[in-house]
Structures are given as structure tokens and as C-alpha cells.
Amino acid sequence: MRRHLFDLIVLFVIGSLVAVYVALAQPSLRNVTLHVYVFVVGGLVMLGLVAAAGDAVPRRHRSELDRALADAEPKETPLPELERLVRDVTLGTAAAFDLHARLLPQLREIAHARLERSGHTFGPDTLGPWWDLLRPDRPAPAERFARGISPVELSALVAYLEKMS
């Protein structure tokens, strides 16, 4: 309250001087001037009460939990490539077109790399039951929003690709 006391006194004096000047200069406006003056003084009183109430409330210090959280190491952000792969897997299991356009090219690339490393070629004899799904000339699905690959099938395909070496 002490911080605002001087400001409130200055505003009260200025308001009083303005009210006296207007009341003396324009006698016909005395009634309106008195009403405005009462509102101004009431506003200053309310401002003083709010300031006093704010000063009376004890200041909150940061809790130990807040300090510990602020001191904690920043969370590591995942790699953008990993986030993209997770998104592609999610979309590939949801819709057939996303499987065709997003996930299968990545799975083909993985299969090519694994087969090249072991000295084999990419073809139906090396991919076995997964050739129909991974073949490069596979046509786009007729129904774009049909169900994509099931998570069980995707897990089996990934397991098959992991065994290639």
C-alpha cells in the first residue's frame, strides 16, 4: 500500500482541483461535477483497498517441485525420421493408399538393402510370401480408404526382413 499511497494522494489532489475549478468556472455543471467527483474518489478508494489487499496476501515462493522440474534436464526430442516412420506405420495400417504410397516404399528399400548385403537379388524367390506385397510393380489399391496392412502382418513382415542377412 505504501508504494501506491503517494500516487493515490496525487490523483486525489488533481481530481479535487479539477472538480473545484469546473464547479467555479461553470456553475451550471456543479451537480454533474459533484457526481463525477464522487465517482473518482470512490474509484481511488477502491484502488487503495485492492492495493492494500494485494500487499496483505503473503507472496508465494516456488515449491520444491517447481524448482525440481525447472532444474530437470530438458526432454530429448525424438529424431524427425523416427517420428515420420511412426506416422507412416500408423497411416499404413489405417488406409490401403497410405500403405501403398508411404510404407511399402520404405519396406522395399529395407528389403533391397538387406538382400544386397547378403549378396541376393530382390525377387520372388528371395522374398517368398511377401513378394506380392513388396513387388515394385504392385498396382495402387482400387479403394484408397480400404483397410491397410494389419499390425500382425506388419510384425510378421518386419520379423521376416530382420531374419534376412
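Provided above is the structure to which this section pertains.
Here goes a summary of the coordinates provided. (Residues numbered from 1 in each chain as written. Predicted model: local features only at pLDDT ≥ 70, side-chain atom pairs only at ≥ 80, totals over all residues. Heavy atoms only, no water.)

With respect to the overall build of the chain
What the chain contains, in helices and strands, is eight helices and zero strands. Secondary structure elements of the chain occur, N-terminal to C-terminal, as α-α-α-α-α-α-α-α. Principal-axis analysis of the C-alpha atoms places the extent of the chain at approximately 105 × 45 × 25 Å. Within the chain, the proportion of its 165 residues that are buried is 23%. A sequence separation of at least 24 residues applies to 63% of the contacts in the chain between residues at least 6 apart. Of the roughly 12500 Å² that the chain leaves accessible, carbon and sulfur atoms contribute 65%. (Helix = DSSP H or I, 4+ residues; strand = E, 2+ residues; numbered from the N terminus. Buried < 20%, exposed > 50% of the residue type's maximum accessible area, 1.4 Å probe, protein only. Contact = heavy atoms within 4.5 Å. Areas by Shrake-Rupley, 256 points an atom, 1.4 Å probe, with all protein chains shown as cover.)

So, the side chain of Arg108
Mapped onto the elements of the fold, Arg108 is located in helix 5 (residues 96–118). For the buried Arg108, which has no salt bridge, the nearest side chain bearing the opposite charge is Asp137, at an N-O separation of 7.5 Å. For Arg108, the side chain forms a polar contact with the main-chain oxygen of Arg135, separated by 3.3 Å. (Lys, Arg positive; Asp, Glu negative; His and termini not counted. Salt bridge = Lys/Arg side-chain N within 4 Å of Asp/Glu carboxyl O. Polar contact = N/O pair within 3.5 Å; in protein donor to acceptor, adjacent residues only side chain to side chain.)

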